[in-house]
Amino acid sequence: MRFTFQSIRVATGSDEEGMKVLDEQKRLVAVLVRLSDDNEVAPGQWYLEAGFGRIDGTNHPIFSNLDLAQDWISQRLAL
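A few points on the structure.

Of all seven residues in strand E3 (residues 28–34), five are buried; the element is thus mostly enclosed. One ladder, built from five bridges, connects strand E2 (residues 17–22) with E3; its direction is antiparallel. Across the sheet, residue Met19 finds its bridge partner in E3, namely Leu32. Turn length for the E2-E3 hairpin, with the two strands adjacent in sequence and antiparallel, is five residues, and the turn residue Lys26 shows positive phi of about 65°. In this structure, E3 lies alongside strand E4 (residues 46–51), joined through five bridges in antiparallel fashion. In the strand pairing of E4, Val33 is matched with Tyr47.

In this section: the side chain of Asp23. Of note, Asp23 is situated in the loop between E2 and E3. A residue is classified by how much of its surface remains accessible, and Asp23, at 5% relative accessible area, is buried. One polar contact links Asp23 to Arg27, side chain to side chain, over a distance of 2.7 Å.

Soluble globular proteins tend to pack their nonpolar side chains together in the buried interior. One finds Val21, Val29, Leu32, Leu48, Ile55, Phe63 and Ile73 to be the most contacted residues of the largest nonpolar core, which totals 14 residues. Of all the secondary structure elements, the ones that give two or more residues to this core are E2, E3, E4 and helix H1 (66–78). The biggest single contributor to this core is H1, with four residues. With residues near it in sequence (within four places) discarded, Phe63 still touches Leu32, Gln45, Trp46, Leu48, Leu68, Ala69 and Trp72.

Here we have five strands laid out as an open sheet, ordered E1-E2-E3-E4-E5, and antiparallel in their pairing. In this open sheet, the two edge strands, each paired with only one partner strand, are strand E1 (4–9) and strand E5 (62–63). In the packing of H1 onto the sheet, the strands contacted are E1, E2, E3, E4 and E5, and the crossing angle to E3 comes to about 150°.

Let us look at the environment of Leu66. Examined against the element boundaries, Leu66 turns out to sit in helix H1. The sequence separation of Leu66 and Leu32 amounts to 34 residues, and the corresponding C-alpha distance is 8.9 Å.

Rules used throughout
Within each chain, residue numbers correspond to sequence positions counted from 1 in written order. Thresholds applied to this predicted model are a pLDDT of at least 70 for local features of residues and 80 or more for the giving and counting of side-chain atom pairs; totals over whole chains, interfaces and linings are not thresholded and use all residues. In computing side-chain properties, one takes all heavy atoms of the structure into account and sets aside hydrogens as well as water. Buried means the residue's accessible area, taken with a 1.4 Å probe over protein chains only, is under 20% of the maximum for its type, while exposed means over 50%, and partly exposed covers the values in between. Strands are runs of DSSP state E lasting at least two residues, helices are runs of H or I lasting at least four, and both sets are numbered from the N terminus onward. Here, a strand pair is defined by DSSP locating no fewer than two bridges between the strands. Polar contacts, as counted here, are pairs of nitrogen or oxygen atoms within 3.5 Å of one another; within protein the pair requires one atom able to donate a hydrogen and one able to accept it, and residues that are adjacent in sequence qualify only if both atoms are side-chain atoms. What we call a nonpolar core is a set of buried Ala, Val, Leu, Ile, Met, Phe, Trp, Tyr and Cys residues that are connected through their side-chain atoms within 4.5 Å. Any two residues having at least one pair of non-hydrogen atoms within 4.5 Å are treated as being in contact. Convention adopted: a line fitted to C-alpha atoms gives each axis, helices being fitted over their contacting stretch, and angles between N-to-C directions are expressed from 0 to 180 degrees.

In short, shape yes, function no, at least from these values alone.
What follows is the structure, given as structure tokens:
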């Protein structure tokens, strides 16, 4: 499964660099936010801010890069 990533600013109150994740039908499936370099838990990594459909839930993982985020999203949508 292939996804399109589009840059977007997200009003989180601190970390604003984000990515919209669109599936092959151009449907929004997730919003990722890059954690700032000052973040104490995972500086510079990507956080699942919001997921939709099968990606929605209480699990909001952190990914070291967008390729790993794409792999995780693909697995969730394949369930």
